[in-house]
Amino acid sequence: MHGRIASVDVLRGLTMAAMVVVNNPGSWAHMAPGLRHAPWGAVPTPADFVFPFFLVLVGVSTPLALRRRIAQGQPTSALLARATRRALTLAAIGILLNLFPGFDLATVRLPGVLQRIALVSLACAAAFLWLRPRSILGLIALLLVGYTLILRLVPVPGLGVPTLTPAAHLPAWLDDRVFGAHTWRGPGDPEGLLSSLGAVATGLIGVLAGTVLAGRWTPRQQAGRLLGGGAATLAAGAASTLMVPLAKDVWTASYALVTGGAALLALGGLQLWLGARGDPSPGPVLRASELFGRQALLAYVLAHLLSDVTISVLRWPGGSLHALVYRGLLASWLPDVAASLVFSLLMLAAVWGLVAWAERRGWRLRT
């Protein structure tokens, strides 16, 4: 493993695989129930855990990566400069993906998944370099309590009262004013500005988990701490639903805590299984996940490009490659929901094949 932690790679790989499946149905109208995002305020579906899991893992990776450089004597200023360059590179890749294939500068979406990951990764690096774990815990509380008070007490301009509904809320108002036409569907953007406060808190939950994995405890002790922290975080999230609804679009405190707690439980379970056994990847599914975990950025970029190419590039009058595979080869003999799911799995297999091919040649997309 060359110093890597199997449980982190495996969970990151499983999360990336789930992201590919959720984002690439054969038909958005015929998605399996677990792959649809939950309505505002409802219990999260499996799809709602994918992005928070990834942000927790961004935080987890921060102490694991920086501790080696700190041990080598690299100064804090150099480490922070490197984290800033990495964040800017990730954001640039995200905007380029949003531009492809039309390259329409007038309406290109400026926020996005990689852009949010960039912001969270930079915040996690700064927090780890400047704060002790107890202070990071306090920062998480400050972010979530402060964000909740903003949502509950600050009036939405134009409405004159604090409003938190799917149709009207302060994050959407701010995104529309700042980004204008450069958002996704609207109102606002699910990866917008104000909601990033909750997303940063999610990443910082991962930083605390990463300090556990970077410590000198045994894998079983690490797993126990992660499982205990996950249970406590999940309980706090359930209690916070009394103040704010579970809402992915605005990344409320309840959503950050419930999904973050679930991520800690999953990581703790994998650490107990893989770390305590000393077996980095038992079985083909976990070996495949581990590969995705090592090549997560490449997998995300390839999945995004493959989707755009099959939908928007490889087109002809009356159809596209996406439609040909889904309607012509799958929906013609499978029920609609099954056909849509099979299409997602075919996309996952294609992306995994491309990543495995790149891995064999030693290619890696680095930032």
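Residues numbered from 1 in each chain as written. Predicted model: local features only at pLDDT ≥ 70, side-chain atom pairs only at ≥ 80, totals over all residues. Heavy atoms only, no water.

Participant: Can you walk me through the packing of helix H1 (residues 6-23) against helix H2 (residues 50-71) in this structure?
Facilitator: For any two helices packed against each other, the geometry comes down to the angle between their axes and how far apart the axes lie. Following both chains from N to C, one finds H1 and H2 inclined at 150°, their axes separated by 10 Å at the closest point. Considered as vectors, H1 and H2 are oriented roughly antiparallel to each other. Crossing angle aside, the handedness with which H1 passes H2 is left-handed. Taking contact as the criterion, the partners of Val 8, Leu 11, Arg 12, Thr 15, Met 16, Ala 18, Met 19 and Val 22 in H1 are, on H2, Val 50, Phe 51, Phe 53, Phe 54, Leu 57, Val 60, Ser 61 and Leu 64. Residues that form the contact of H1 with H2 fall into these classes: 13 nonpolar, two polar and one charged. (Axes fitted to C-alpha atoms, helices over the stretch in contact; angles between N-to-C directions. Helix = DSSP H or I, 4+ residues; strand = E, 2+ residues; numbered from the N terminus. Parallel < 35°, antiparallel > 145°, perpendicular 65-115°, else oblique. Left-handed = near helix turned anticlockwise from the far one by under 90°. Contact = heavy atoms within 4.5 Å. Nonpolar A, V, L, I, M, F, W, Y, C, P; charged D, E, K, R; others polar.)

Participant: So what exactly am I meant to see when it comes to the packing of aromatic side chains here?
Facilitator: How two aromatic rings sit relative to each other is given by the distance of their centres and the angle of their planes. Using the criterion set out here, one finds five aromatic pairs in the structure. Taking the centre distance of 4.9 Å and the plane angle of 90° together, the rings of Trp 357 and Trp 363 count as edge-to-face. Taking relative accessible area as the criterion, Trp 357 reaches 37% and is therefore assigned partly exposed. (Phe/Tyr/Trp six-rings, centres within 6.5 Å; stacked < 30°, edge-to-face > 60°. Buried < 20%, exposed > 50% of the residue type's maximum accessible area, 1.4 Å probe, protein only.)

Participant: I tried to follow the nonpolar core on my own but got confused; where do I start?
Facilitator: One recurring pattern in soluble globular proteins: nonpolar side chains tend to sit buried together. Counting 93 residues, the largest nonpolar core has Met 16, Ile 117 and Leu 204 as its most contacted members. Residues contacting Met 16, with those up to four places away along its chain left out, are Phe 54, Phe 292, Ala 296, Ala 299 and Tyr 300. Residues Tyr 326, Leu 330, Leu 334 and Met 347 belong to the second largest nonpolar core, which totals seven residues. (Core = buried A, V, L, I, M, F, W, Y, C linked by side-chain atoms within 4.5 Å.)

Participant: So what exactly am I meant to see when it comes to the pattern of salt bridges here?
Facilitator: Close approach of charged atoms lets side chains of opposite charge pair. For the structure on display, the rule yields seven salt bridges. The shortest N-O distance in the salt bridge between Arg 109 and Asp 189 comes to 2.7 Å. Note that Arg 109 is positioned in the loop between helix H3 (76-99) and helix H4 (113-130) and Asp 189 in the loop between helix H6 (170-179) and helix H7 (196-213), a separation of 80 residues in sequence. In this structure, Arg 109 and Asp 189 share a single accessibility class: buried. We note a salt bridge from Glu 191 to Lys 248, for which the minimum N-O separation is 3.8 Å. (Salt bridge = Lys/Arg side-chain N within 4 Å of Asp/Glu carboxyl O.)

Participant: For this particular structure, what's the right way to read H7?
Facilitator: Structural remark: α-helix, 3.6 residues per turn; residues separated by three or four positions point the same way. Its 18 residues place the ends of H7 26 Å apart at the C-alpha level, agreeing with the 26 Å of an ideal helix rising 1.5 Å per residue. Burial analysis of H7 places 15 of its 18 residues in the buried class, the great majority of the element. (Expected span 1.5 Å × (residues − 1).)

Taken by themselves, the reported measurements are silent on function.
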